[in-house]
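# Notes for the structure review
If you want the building blocks of each chain, they are given just below.
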Amino acid sequence: MADTAVKMRCEVCGAEIAEGSGSCPVCGFPVIYQIGGDAAAAENLKRAADEYRSQLFTSLEVGFVAYSHKVVTGEDGKDALRLDHEDKISLGSYSKFDEEEIHWYPEGFLRPLTPELECSVFVRRGSEAERVRKVSVPLPQGAGDIHIGMMRSGTGAVRVCIGNAQDYNCSEEIPVLQI
Ligand SMILES: [Zn+2]
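Residues numbered from 1 in each chain as written. Predicted model: local features only at pLDDT ≥ 70, side-chain atom pairs only at ≥ 80, totals over all residues.

### Brief notes about the overall build of the protein
Per the secondary structure count, the protein includes 1 helix and 11 strands. Its helices and strands taken in sequence order, the protein reads β-β-α-β-β-β-β-β-β-β-β-β from the N to the C terminus. The globule rule puts the C-alpha radius of gyration for 179 residues at 16 Å, and the 21 Å found for the protein is more than 25% above it. With respect to the principal axes defined by its C-alpha atoms, the protein has extents near 75 × 40 × 35 Å. Across the 179 residues that make up the protein, the buried fraction comes to 20%. (Helix = DSSP H or I, 4+ residues; strand = E, 2+ residues; numbered from the N terminus. Rg over C-alpha atoms; globule rule 2.2 N^0.38 Å. Buried ≥ 20, exposed ≤ 12 C-beta atoms within 10 Å, placed from the backbone.)

### Digging into the pairing of strand β6 (residues 116–125)
As paired strands, strand β3 (residues 60–73) and β6 are joined by 6 bridges and run antiparallel to one another. Across the sheet, Val62 pairs through a bridge with Val123, a residue of β6. The pairing of β6 with strand β7 (residues 131–138) spans 8 bridges and is classified as antiparallel. By the bridge assignment for β7, Glu118 is matched with Ser136. Between β6 and β7, which follow one another and run antiparallel, lie 5 residues, and Gly126 among them has a positive phi close to 55°. (Pairing = 2+ DSSP bridges.)

### As for the environment of His69
One can find His69 in strand β3. A count of 11 C-beta atoms within 10 Å places His69 in the exposed class. The spacing of His69 and Asp84 is 15 residues in sequence and 4.9 Å in space, taken between C-alpha atoms. Leaving out residues up to four positions away in the same chain, His69 has contacts with Leu81, Arg82, Leu83 and Asp84. (Contact = placed C-beta atoms within 7 Å.)

### A few points about the nonpolar core
Formed by 26 residues in total, the largest nonpolar core has its most connected members in Cys27, Val62, Met150, Val158, Val160, Ile162 and Val176. Among the secondary structure elements, those contributing two or more residues to this core are β3, β6, β8 (147–153) and β9 (157–163). If we skip the residues at most four places from it in the chain, Ile162 touches Leu117, Val137, Leu139, Pro140, Ile146, Ile148, Tyr168 and Asn169. (Core = buried A, V, L, I, M, F, W, Y, C linked by C-beta atoms within 7 Å.)

### Quick look at the sheet that holds β3
Reading across from one edge, β4-β3-β6-β7 is the order of the 4 strands in this open sheet, with antiparallel pairing throughout. The strands lining the two open edges of the sheet, one partner per strand, are β4 (79–93) and β7. The mean inter-strand angle of the sheet, taken between neighbouring strand axes irrespective of direction, is 30°. The pairing of β3 with β4 spans 13 bridges and is classified as antiparallel. Counterpart to Ser68 in the pairing with β4 is His85. (Axes fitted to C-alpha atoms, helices over the stretch in contact; angles between N-to-C directions.)

### Some remarks on the domain arrangement of the protein
Segmenting the protein into domains produces domain 1 (8–58) and domain 2 (62–178). Taken together, the contacts link 6 residues of domain 1 with 6 residues of domain 2. Grouping the amino acids of the side of domain 1 that touches domain 2 by side-chain chemistry returns 4 nonpolar, 2 polar and no charged. (Domains from an automatic or database assignment. Nonpolar A, V, L, I, M, F, W, Y, C, P; charged D, E, K, R; others polar.)

### Thoughts on the environment of Asp84
Relative to the elements of secondary structure, Asp84 occurs in strand β4. Judged by local crowding, Asp84 falls into the exposed class, with 11 C-beta atoms found within 10 Å. C-alpha of Asp84 to C-alpha of Ser23: the two residues are 61 residues apart in sequence and 41 Å apart in space.

### Some details on the pairing of β9
In terms of burial, β9 is largely enclosed, as 6 of its 7 residues are buried. One ladder, built from 7 bridges, connects β8 with β9; its direction is antiparallel. Bridge pairing in β9 links Met150 to Val160. Connecting β8 to the antiparallel partner β9 that follows it, the hairpin turn spans 3 residues, and Gly154 within it adopts a positive phi of roughly 65°. Two strands pair when backbone bridges link them, and β9 and strand β11 (residues 174–175) are joined in this way by 2 bridges, in the antiparallel orientation. Counted as the bridge partner of Val158 is Ile174 from β11. Alignment of β9 against strand β10 (residues 168–170), held across 3 bridges, turns out to be antiparallel. Across the sheet, the residue bridging to Ile162 is Asn169, located in β10.

So this is what it looks like as structure tokens:
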């Protein structure tokens, strides 16, 4: 039976919804049952979903986590890098993100010695606690400071970009509602 069952997908974010569930487990959009399947009903559902999605994206703040380290001297007298604190650097509302343009954070960072940069993306919705996802991005060739930026990808995802406006690499797509 399960093989032939029609899988329900959320109209807003595309996540799969289990049968009998009242709302989407990812974005919370309610499952709307309709009598009849005429074009007007489908149009109404689409409009409700578009409205819900745009409100959701407006209230969704995205950014990345910056880790600051400091040098501490251990008991053995050797210096070591220790995580000092982390800062959440917000890039603003997801609804303002553009697919054509990267939002660059103006401050540069020291180029790491590793071939890839592992960074953490966060999303925050209203007063909810932030949710964080780690992502790694290969560093572009070259020297000097690097910048971090983000761009919109598709309807509900971001890509993290590392480098500068002329030379950068981007991460895989990260669906913002699934972080
Ligand atoms: Zn959904």
